[in-house]
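# Observations on chain architecture
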Amino acid sequence: MEYPVYKDKRKPFMKKLFIIHLMSLVLCLVLPWFIYVHGSFTFLFLAYFTVKKYRGFKALFALFSSVLVMLLMFDMADFKLTWSLSYVFPSFIIAITSLMFLIILVRKKKWHQYYSMHSYLIMVNLLVGLLMILGFMQSIVLGIVTLSIFAASLIAIWIRVGKKYYRNLFRFIHV
Amino acid sequence: MHMKEENKWFKLDNAAKIYPAFASKKDPATFRVAAVLKHDIDKDRLQEALEKTINDFPSMAVTLKKGLFWYYLDENPRPPLVMEETSMPCAYVELKKSRGYLFHVFYHKKRVSLECFHALTDGYGAFEFLKAILYNYFFVGEDDSIRLVGNRPEDVEDSYKKHAGLEYTEPKKTRAVHVKGRPIDREGAFVHHGVLSGSDLNKVAKSYNTTITVLLVAIYIKSIFKVTKKGPVVITVPVNLRKIFQSETLRNFSYVINVVCDQDDSIETLIPIISNQFKDQLDKEYLRGQFTKNVAYEKKLLLKIAPTDLKSVFLRMARNNQSKKIVTSILTNPGIVTLPEKMQTYVELLECVLYASNPHYINMGIATYNDKMVISMSRGIEEKTLIETFFNMLNDYCPLNMRYNNEGDQDGISSIQR
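Parameters and conventions
- Residues numbered from 1 in each chain as written.
- Chains lettered and ligands numbered in written order.
- Predicted model: local features only at pLDDT ≥ 70, side-chain atom pairs only at ≥ 80, totals over all residues.
- Helix = DSSP H or I, 4+ residues; strand = E, 2+ residues; numbered from the N terminus.
- Rg over C-alpha atoms; globule rule 2.2 N^0.38 Å.
- Buried ≥ 20, exposed ≤ 12 C-beta atoms within 10 Å, placed from the backbone.
- Contact = placed C-beta atoms within 7 Å.
- Domains from an automatic or database assignment.
- Nonpolar A, V, L, I, M, F, W, Y, C, P; charged D, E, K, R; others polar.
- Pairing = 2+ DSSP bridges.
- Axes fitted to C-alpha atoms, helices over the stretch in contact; angles between N-to-C directions.
- Core = buried A, V, L, I, M, F, W, Y, C linked by C-beta atoms within 7 Å.
- Expected span 1.5 Å × (residues − 1).
- Arc of directions from axis to C-beta.

## Focus: the overall build of chain A
Regarding its fold elements, chain A presents eight helices and zero strands. Each helix and strand of chain A, ordered N terminal to C terminal, gives the series α-α-α-α-α-α-α-α. Whereas a compact globule of 175 residues would reach a radius of gyration of roughly 16 Å, chain A reaches 20 Å, over 25% beyond that. Overall, chain A is about 60 × 50 × 30 Å in size when its C-alpha atoms are taken along their principal axes. For chain A, the proportion of its 175 residues judged to be buried stands at 19%. Taking all contacts inside chain A whose residues are at least 6 apart in sequence as the whole, residues at least 24 apart take part in 64%.

Written as structure tokens, this is what we have:
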């Protein structure tokens, strides 16, 4: 009937980190320049979480997203989103899509597992289109390049992975 | 009929949908079924048995994935691993540690434990799986008296949807008293077991003209009144719907009934009150009306097309603001678990342990096998008053043969034998 000896106690580390992050956010409202500190802190916070949780392409995607969030916050210092939306955001998508494209070519077998990431990318690309239509994005060329690369990745998936990928995608979006 | 190769994924069953929305380290939605054997476990043999069993139970061989609109269970091609038990029972099942599976198989000396995330299955399904693992651990070949394969369509069906009707029933909801205490600083729960003779307790129950479960609920309610000094006390009792609706599914197919007692009274007075509530709520059409309501929610278009994260927020809110407030504690009694005769030589006891989380810090799981009834009280707070009160009170009705726990003494281990 014996049970083992337990050693693992709950570590309140994350709770403390969350409280510090919240305090940092409040400080941003008092000291506008503090957003640069807060942005960096947010990046570290998100990066820690994502690297701990994900591996491979997902981890990279999450890490890129953390950088994106940080830069968006930096751009928010003057209460306007300008260069981050026009250049950083599409560049981020181009980088991720290109990487995805590369993985499709070299790791065909593994790729069918990444349909969830791809679905999120579809949504992000739709957002790019919307931002272009609404005039929030200054660099139309970059926007068009982003969407074109993404369309190319869809074709590549269709050719390389085919049925299995779309079967998984169906599971992901089932209602 | 076997499942098609390309069909190894499942939508979450109706009851399972809520668990991924709220489950966390603090509220793990994990339960344990365990077997204490008469000899120490051979790790390699157990690993082989688990690998053999998982191939025949597709509903268990899955991982949880987050879809755009709903979570779902997707096939998991990796072999599961048995692990030495090092953490407290009923801790959160972390997919990274479990190779993506929604269960863990632990071993420690004579105990084999199967800990399941509730989105995967309920107590019945877990016991069926554990029994199959144990059978494959001891023997090679087949046996008619035990289910060793769970890959027929009826084994993996969502029975809630199959048996849902058209009309709803609305249960009475009462804000319940909660057992207060200082939360423990560990993941999982402390467990206090009490072993007694099932037939002896049945005789006591018969002397009150009632069943074992009703008697235990009555004693439990009295203990809670003694500790909290106020009411109403509401005990949730999960009901296995398989016998009522003729289902053989290995996925979730249970519902709960709530037993409400507004004031403390003698056992003689409490028993008929509880019996009547059991009788009313165990009515087939009443139960159907209960889960029909949940199935209907799931079919609402707005809910269907809402993103998973948004749905999770609402489900979490509903749980915290409604479901949790109307329950004092959970008592589950899956009933008598039978094993093939040739297995009985090797198995000493079976245990069923529920997780404990705020505000249901103390819960009770009961497993009866070979006339040995093991009552397992899980505890998520430092205070043990309620547990001691309950076992002392129960001891007055039917003597406990043995008590043991996972508290550990100075050296870390304790096994209290009377």
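## So, the overall build of chain B
Each helix and strand in chain B was counted, giving 13 helices and 15 strands. In summary, chain B has a C-alpha radius of gyration of 21 Å against a globular reference of 22 Å for 418 residues, a match within 12%. Counting only C-alpha atoms and orienting by the principal axes, one finds that chain B spans roughly 60 × 55 × 40 Å. Taken over 418 residues, chain B has a buried fraction of 47%. Expressed as a percentage of contacts within chain B between residues at least 6 apart in sequence, the contacts between residues at least 24 apart total 75%.

## Topic: the domain arrangement of chain B
Residues and elements named next belong to chain B. For chain B, the domain assignment lists domain 1 (5-162) and domain 2 (172-338 + 350-405). Between domain 1 and domain 2, the contact holds 50 residues from the first and 42 residues from the second. Elements with a contribution of two residues or more to the side of domain 1 that touches domain 2: helix 1 (19-22), strand 2 (30-37), helix 3 (123-138) and helix 4 (159-163). Counting residues per element, the side of domain 1 that touches domain 2 draws most heavily on strand 2, which supplies seven residues. Residue classes in the side of domain 1 that touches domain 2 are distributed as 26 nonpolar, ten polar and 14 charged.

## Quick word on the pairing of strand 2 of chain B
Residue and element names in this part refer to chain B. Here strand 2 lies mainly inside the structure; seven of its eight residues are buried. By the bridge criterion, seven bridges tie strand 2 to strand 7 (residues 111-117) in an arrangement that is antiparallel. Following the sheet pairing, Val33 is matched in strand 7 by Leu114. Here strand 2 runs beside strand 12 (residues 347-353); their pairing, made up of six bridges, is antiparallel. In the strand pairing of strand 12, Ala35 is matched with Leu350.

## Re the pairing of strand 3 (residues 62-66) of chain B
Inspection of the sheet shows strand 3 of chain B paired to strand 4 (residues 71-75) of chain B by five bridges, in the antiparallel sense. The residue of strand 4 of chain B that forms the bridge with B:Lys66 is B:Tyr71.

## Quick notes on the sheet that holds strand 3 of chain B
All names here are of chain B. Spatially, 1-4-3 is the arrangement adopted by the three strands of the open sheet, whose pairing is antiparallel. Two strands in the sheet have a free side with no partner beyond their single neighbour: strand 1 (9-11) and strand 3. In this sheet, adjacent strand axes meet at a mean angle of 25° when their direction is disregarded.

## Things to note about the interface of chain B and chain A
At the interface, 27 residues of chain B touch 16 residues of chain A. Looking at the side of chain B that touches chain A, the elements with two or more residues in it are strand 1, strand 4 and helix 10 (301-305) of chain B. The residue makeup of the side of chain B that touches chain A, split by class, is ten nonpolar, eight polar and nine charged.

## Digging into unusual backbone geometry
Residues and elements named next belong to chain B. Following Gly231, the chain continues to Pro232 via a peptide bond in cis, the omega torsion being -5°. Summarising the element assignment, Pro232 is placed in the loop between helix 6 (212-228) and strand 9 (233-240). Along the chain, Asn358 connects to Pro359 via a cis peptide bond; the corresponding omega equals -5°. Within the element layout of this structure, Pro359 appears in the loop between strand 12 and strand 13 (362-369). The phi angle at Ala29 is positive, at roughly 50°, despite the residue not being glycine. Inspection of the secondary structure assignment puts Ala29 in the loop between helix 1 and strand 2.

## Description of the domain arrangement of chain A
All names here are of chain A. The assigned domain composition of chain A is domain 1 (10-78) and domain 2 (81-175). Placing a centre on the C-alpha atoms of domain 1 and another on those of domain 2 gives a separation of 24 Å. Each side of the interface is counted separately: domain 1 has ten residues, and domain 2 has 13 residues. Taken together, the residues of the side of domain 1 that touches domain 2 break down into eight nonpolar, no polar and two charged.

## What about the nonpolar core?
Grouped together as the largest cluster of nonpolar side chains are 127 residues, with contacts concentrated most on B:Leu102, B:Phe103, B:Phe117, B:Val217, B:Tyr220 and B:Ile221. A total of twelve residues in this core trace back to one element, the largest contributor, which is helix 6 of chain B. Beyond its immediate sequence surroundings of up to four residues, B:Val217 is in contact with B:Ile235, B:Val237, B:Val259, B:Ile274 and B:Leu331. Ranked by size, the runner-up nonpolar core spans eleven residues in total, among them A:Phe61, A:Ile93, A:Val128 and A:Tyr165.

## Observations concerning helix 2 (residues 34-53) of chain A
All names here are of chain A. Over its 20 residues, helix 2 runs 28 Å from end to end, which matches the ideal 28 Å to within 8%, given 1.5 Å per residue. All of the buried residues in helix 2 are Ile35, His38 and Gly39. Projected onto a plane normal to the axis of helix 2, the buried residues spread over an arc of 100° and lie on a single side. Where helix 2 is buried, its residues contact helix 1 (13-30) and helix 3 (56-75).

## Some remarks on the sheet that holds strand 12 of chain B
Residue and element names in this part refer to chain B. A sheet is described by the order of its strands in space; here five strands give the open sequence 5-6-7-2-12, paired in mixed fashion. On the outer flanks of this sheet lie strand 5 (82-84) and strand 12, each paired with one strand and no other. If you compare each strand with its neighbour and ignore which way they point, the axes differ by 25° on average. Where helix 2 (residues 43-56) meets the sheet, its contacts fall on strand 5, strand 6 (103-108) and strand 7, and the angle it forms with strand 5 comes to roughly 150°. Relative to the sheet, helix 3 contacts strand 2, strand 6, strand 7 and strand 12, its axis offset from that of strand 2 by approximately 35°.

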